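Working through the structure, step by step
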Amino acid sequence: MAFDPGFATREDAQRRVDRIRAFREELAELERLGVVALDGGQQDRLRRFHEEAVASLAARFDVDSTEAERRLSLGMRVASFLGAIALSAAVYFFFYRFWGSLSTGAQVGVLAAAPLAALAGMELAARKERTLYVAGILGLVAVACFVLDLNVLGATFNLTPTPGAFLAWAAFAGLLAYAYGLQLLLLAAIAGFTVFFSSQVSSWMHCPWEFLGERPENLFLPAVLLLLMAAFVPSRGLPRFPPLYRACGLIVLFLALFVVSNWGWASYVPWPSGTVEAVYQLTSFALAGVAIVVGSRRGWREVETAGTAFLALSLFARFFDWWWDWMPRWLFFLVIGALAVAILLALRRLRSTRHRVTA
């Protein structure tokens, strides 16, 4: 029987290879226990089919067929990330090393050519390799060149800095991310998107946009928009993009909530600091619980993990505020440990309930 991959993405192909490896291991264990016993012909046909399937998927998608290959792929991703940062820094310092010796026309020409050259190299690398490690490096370099272009052109022609530059950076990185399916570039786009909309909220509240970080509530709008983008932005063929939107949206939201729930004076709300903190603390616990339940029911591991981590962090912060000054240290940590066990049991019960529902 010939194997037809029938997959459109590397993620789908990798999941199929993982299932084949797990099936082989389980079958070997069942045969050892005497539960099943395939004859020689069946074993040969099954082995040949799996080998053909793995070879076909590896040739088309360059998947990791063994655990060793998976570890090597992780190392390659780390190396590509570090390489992208190093090359971006090299471009930055190269520009500023020789910038003063160039005329204005030459400066504009270099600025225009740099991201285009990086894009050309990115396209060439994407056609030569399926894993897109080199393409990812050059993509991040292209984004760095684009960011540098806008900054240098603004400084050269004495333009007033505006938050619109962050939107331009985010749009450029986002287009490359969707064109090549690169999560790192999407993360860069999300960062620029978050800064832009935070600055917009700051401006709407009549605060200078440069001081957007002084009001954590500025992050609420971009956090909600990121969560909506996970649901409504088309990501067909890019299964890792919606989880990244959800994870980043929750991280931004929970970060803002944590800051305001501990330092109420940073809020826009004209209430006493203690009242603001109490309201946001209750909101934090409620949203963390919602994230855990929704993530568990929908199978969104990143949502469940973010909610659990934020709930634990919020509880520890509250316990520290309430008990640290008067409670003996041994009793404080004993209570923390007991509550951690209680949370673990509650999550275990939630998991068991979900298993019964899906069974």
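Before reading further, recall that the structure is shown in the block above.
1. Considerations on the overall build of the protein chain
The number of helices and strands found in the protein chain is 12 helices and 0 strands. When the helices and strands of the protein chain are read in sequence order from the N terminus, they spell out α-α-α-α-α-α-α-α-α-α-α-α. Judged by the C-alpha coordinates and their principal axes, the protein chain covers about 80 × 65 × 40 Å. Considering the protein chain as a whole, with its 359 residues, one finds that 36% of them fall into the buried category. A separation threshold of at least 6 residues defines the contact pool for the protein chain, and within that pool the share at least 24 residues apart is 64%. In the form shown here, the protein chain has an accessible surface area of approximately 20900 Å², with 67% of it arising from carbon and sulfur atoms.

2. Quick look at helix H3 (residues 67–98)
Its 32 residues place the ends of H3 47 Å apart at the C-alpha level, agreeing with the 46 Å of an ideal helix rising 1.5 Å per residue. The set of residues buried in H3 consists of Ser73, Ser80, Ala84, Ser88, Val91 and Phe95. For H3, the secondary structure elements touched by its buried residues are helix H4 (104–128) and helix H5 (133–156).

3. Remarks on the packing of aromatic side chains
Geometry of an aromatic ring pair is reported as the spacing of the ring centres plus the angle between the planes. Applying the stated rule across the entire model yields 15 aromatic pairs. Taken together, a centroid distance of 5.0 Å and an interplanar angle of 80° make the contact between Phe196 and Phe197 edge-to-face. Note on Phe196: relative accessible area 12%, which makes it buried. With a centroid separation of 6.1 Å and 40° between ring planes, the pair formed by Phe220 and Tyr280 is classed as tilted. Taken together, the residues span a long stretch of sequence, with Phe220 in helix H8 (residues 220–232) and Tyr280 in helix H10 (residues 273–298) at a distance of 60 residues. Residue placement shows Arg329 over the ring face of Trp324; its charged tip is 4.0 Å from the ring centre.

4. Remarks on the environment of Val294
By the secondary structure assignment, Val294 is in helix H10. Relative accessible area serves as the criterion here: at 33%, Val294 is assigned to the partly exposed category. Val294 sits 10 residues away from Glu304 along the chain, and the two C-alpha atoms are 7.4 Å apart.

5. Some points on helix H9 (residues 241–262)
Relative to the 32 Å expected for 22 residues at 1.5 Å per residue, H9 spans 32 Å between its end C-alpha atoms, a close match to the ideal helical length. Burial analysis of H9 places 18 of its 22 residues in the buried class, the great majority of the element.

6. Regarding the packing of helix H1 (residues 10–33) against helix H2 (residues 40–61)
Two numbers describe how H1 lies on H2: the axes approach to 10 Å, and their chain directions differ by 155°. In terms of their interaxial angle, H1 and H2 are classed as roughly antiparallel. Considering the relative orientation of H1 and H2, their crossing is left-handed. On H2, the residues that touch Arg10, Ala13, Arg16, Val17, Ile20, Phe23, Arg24, Leu27 and Glu31 of H1 are Gln43, Leu46, Arg47, Phe49, His50, Glu51, Ala53, Val54, Leu57 and Phe61. The residue makeup of the contact of H1 with H2, split by class, is 11 nonpolar, 2 polar and 6 charged.

7. Thoughts on the nonpolar core
Among the nonpolar cores identified, the biggest contains 46 residues, and Phe95, Met122, Leu176, Leu185, Leu186 and Ile190 are the most heavily contacted of them. Looking at this core element by element, the count peaks at 10 residues for H5. Judged by nonpolar contacts, the second largest core, of 20 residues, contains Leu219, Phe258, Ala291 and Ala317.

8. Digging into unusual backbone geometry
Positive phi is not limited to glycine here, since His206 has a value of about 65°. Among the secondary structure elements, His206 is positioned in the loop between helix H7 (183–204) and H8. According to the relative accessible area criterion, His206 is exposed, its value standing at 76%.

9. Section: a nonpolar patch on the surface
Taken together, Leu74, Val78, Phe81, Leu82, Ile85, Leu184 and Leu187 make up a surface patch of nonpolar side chains, about 590 Å² in accessible area. Only H3 and H7 provide two or more residues apiece to the nonpolar patch. Among the elements that make up the nonpolar patch, the one with the highest residue count is H3 (5 residues). Within the secondary structure, Leu184 is located in helix H7. On the accessibility criterion, Leu184 (30% relative accessible area) is partly exposed.

10. A look at the pattern of salt bridges
Under the counting rule described, the total for this entry stands at 7 salt bridges. Here Asp44 and Arg47 are joined by a salt bridge, their closest N and O atoms 3.6 Å apart. Taken together, the residues span about one helical turn, with Asp44 and Arg47 both in helix H2 at a distance of 3 residues. In this structure, Arg47 engages Glu51 in a salt bridge whose closest nitrogen and oxygen atoms are separated by 3.5 Å. In this pair, Arg47 and Glu51 both sit in helix H2, 4 residues apart, roughly one turn of the helix. According to the relative accessible area criterion, Arg47 is partly exposed, its value standing at 39%.

Parameters at a glance
Residues numbered from 1 in each chain as written. Predicted model: local features only at pLDDT ≥ 70, side-chain atom pairs only at ≥ 80, totals over all residues. Heavy atoms only, no water. Helix = DSSP H or I, 4+ residues; strand = E, 2+ residues; numbered from the N terminus. Buried < 20%, exposed > 50% of the residue type's maximum accessible area, 1.4 Å probe, protein only. Contact = heavy atoms within 4.5 Å. Areas by Shrake-Rupley, 256 points an atom, 1.4 Å probe, with all protein chains shown as cover. Expected span 1.5 Å × (residues − 1). Phe/Tyr/Trp six-rings, centres within 6.5 Å; stacked < 30°, edge-to-face > 60°. Lys NZ or Arg CZ within 6 Å of the ring centre and 35° of its normal. Axes fitted to C-alpha atoms, helices over the stretch in contact; angles between N-to-C directions. Parallel < 35°, antiparallel > 145°, perpendicular 65-115°, else oblique. Left-handed = near helix turned anticlockwise from the far one by under 90°. Nonpolar A, V, L, I, M, F, W, Y, C, P; charged D, E, K, R; others polar. Core = buried A, V, L, I, M, F, W, Y, C linked by side-chain atoms within 4.5 Å. Patch = residues over 30% accessible without salt bridge, like charges linked within 9 Å, V, L, I, M, F, W, Y side chains within 5 Å. Salt bridge = Lys/Arg side-chain N within 4 Å of Asp/Glu carboxyl O.

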